[in-house]
Amino acid sequence: MYRSNDVPAADPAGTSHDPPDPAAASARHAPQDQSTVESLWDQRYADREHLWSGKPNATLVTEARGLRAGRALDVGCGEGADALWLAEHGWDVTALDVSQVALDRAVLQAEVLGARVRWLHSGLIEAALPPASFDLVSAQYPALLRTDDNAAEFALLNAVAPGGVLLIVHHPVPRTEEASAHGFDPHDYVSPATVAALLDDRWRIEVNETRPRHLTAGAGAHHTEDIVVRARRLR
């Protein structure tokens, strides 16, 4: 689910994604080379039998329950919990991630559950998805690298079909010293705010807020708040 410019996300709500793990990236700058990004995330997943809790992200469950099932894109699907939840609730799901290790685990779990998901080993931009083709585009804690042309943000927006919903969830931006201690600059990555700033009159923002978050398991359990942006494409 990550582009050649994007680092995969991992799911802090116990499922799919979190910002790049500084332990996996020794440099203080986000890796730009796709093969490097893939290797970093493969290593991060390979270091543990399960990186995430195996449960779908709570915000996705809350926001998707009221939607009519259609075509869904899970950006940075990790080990697949969100994608599998959507499939089990009637969605036609495409899920992508840069980590083959994570995708292999997702595929195995899908076989156990008898769920059908279209798994793509790709970055978001590299996937060259048909424009305006998804009724729900979900990016849960994505680690998508920003570029001068906002390629990652526009890839998210362009994937949403008219009448469809974009849901992007992330942690609040950490303090500069905290981010520096972990070896990354949060401003290098796409955030709900950078996506919301690009929405024009073709969109209606339905949710733009910070919510408390309660999680006791998974790699993102230490986070206590989420920023949630849900926007509907009008045309």
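Everything that follows concerns the structure shown earlier in this document.
Keep in mind the model is a prediction, meaning the values are calculated, not measured.

Section: the layout of surface pockets
- Roughly 290 Å³ of internal volume is contained in the second largest pocket.
- Within the residue set of the lining of the second largest pocket, elements represented by two or more residues are helix H3 (81-88) and helix H4 (100-113).
- Examining the composition of the lining of the second largest pocket, we find that four residues originate from one element, H3, more than from any other.
- When grouped by side-chain class, the residues that make up the lining of the second largest pocket number seven nonpolar, six polar and three charged.

Looking at the sheet that holds strand E4 (residues 117-121)
- Pairing within the open sheet is mixed, and its seven strands lie in the order E4-E3-E2-E5-E7-E9-E8. Strand pairing shows two members of the sheet lacking a second neighbour, E4 and strand E8 (203-212), which therefore form its edges. On average, each strand axis in the sheet is inclined to that of its neighbour by 15 degrees, with strand direction left out of account.
- Strand direction decides the pairing type here: strand E5 (residues 134-140) and strand E7 (residues 160-170), joined by six bridges, are parallel. Residue pairing in the sheet places Ala139 in a bridge with Ile168 of E7.
- Where H3 meets the sheet, it contacts strand E2 (71-75), strand E3 (92-97), E4 and E5, and its direction lies at approximately 155 degrees from that of E4.
- Packed on one face of the sheet, helix H5 (residues 151-159) meets E2, E5, E7, E8 and strand E9 (225-233) and runs near 135 degrees to E7.

Focus: the packing of helix H1 (residues 34-46) against H4
- Interaxial distance between H1 and H4 falls to 7 Å at its minimum, and their mutual angle equals 50 degrees. Relative to H4, H1 is oriented oblique. Two secondary-structure elements touch here, H1 through Asp42, Tyr45 and Ala46 and H4 through Gln100, Val101, Ala102 and Arg105.
- For the contact of H1 with H4, a count of residues per class yields four nonpolar, one polar and two charged.

A closer look at the environment of Asp201
- Mapping Asp201 onto the fold places it in the loop between helix H7 (192-196) and E8.
- Here Asp201 falls in the exposed class, since its relative accessible area comes to 55%.
- Sequence separation between Asp201 and Arg233 is 32 residues, and the spatial gap between their C-alpha atoms is 9.1 Å.
- Aside from chain neighbours lying at most four places away, what touches Asp201 is Leu234 and Arg235.
- Within the structure, Asp201 has its side chain in polar contact with the side chain of Arg235 (distance 3.1 Å).

Cut-offs and rules
- Residues numbered from 1 in each chain as written.
- Predicted model: local features only at pLDDT ≥ 70, side-chain atom pairs only at ≥ 80, totals over all residues.
- Heavy atoms only, no water.
- 1 Å grid on protein atoms, 1.4 Å probe; cavity = no way out; pocket = protein on both sides within 12 Å on 5 of 7 lines; lining within 4 Å.
- Points joined across faces, edges and corners; volume = space filled by probe spheres on them.
- Helix = DSSP H or I, 4+ residues; strand = E, 2+ residues; numbered from the N terminus.
- Nonpolar A, V, L, I, M, F, W, Y, C, P; charged D, E, K, R; others polar.
- Pairing = 2+ DSSP bridges.
- Axes fitted to C-alpha atoms, helices over the stretch in contact; angles between N-to-C directions.
- Contact = heavy atoms within 4.5 Å.
- Parallel < 35°, antiparallel > 145°, perpendicular 65-115°, else oblique.
- Buried < 20%, exposed > 50% of the residue type's maximum accessible area, 1.4 Å probe, protein only.
- Polar contact = N/O pair within 3.5 Å; in protein donor to acceptor, adjacent residues only side chain to side chain.

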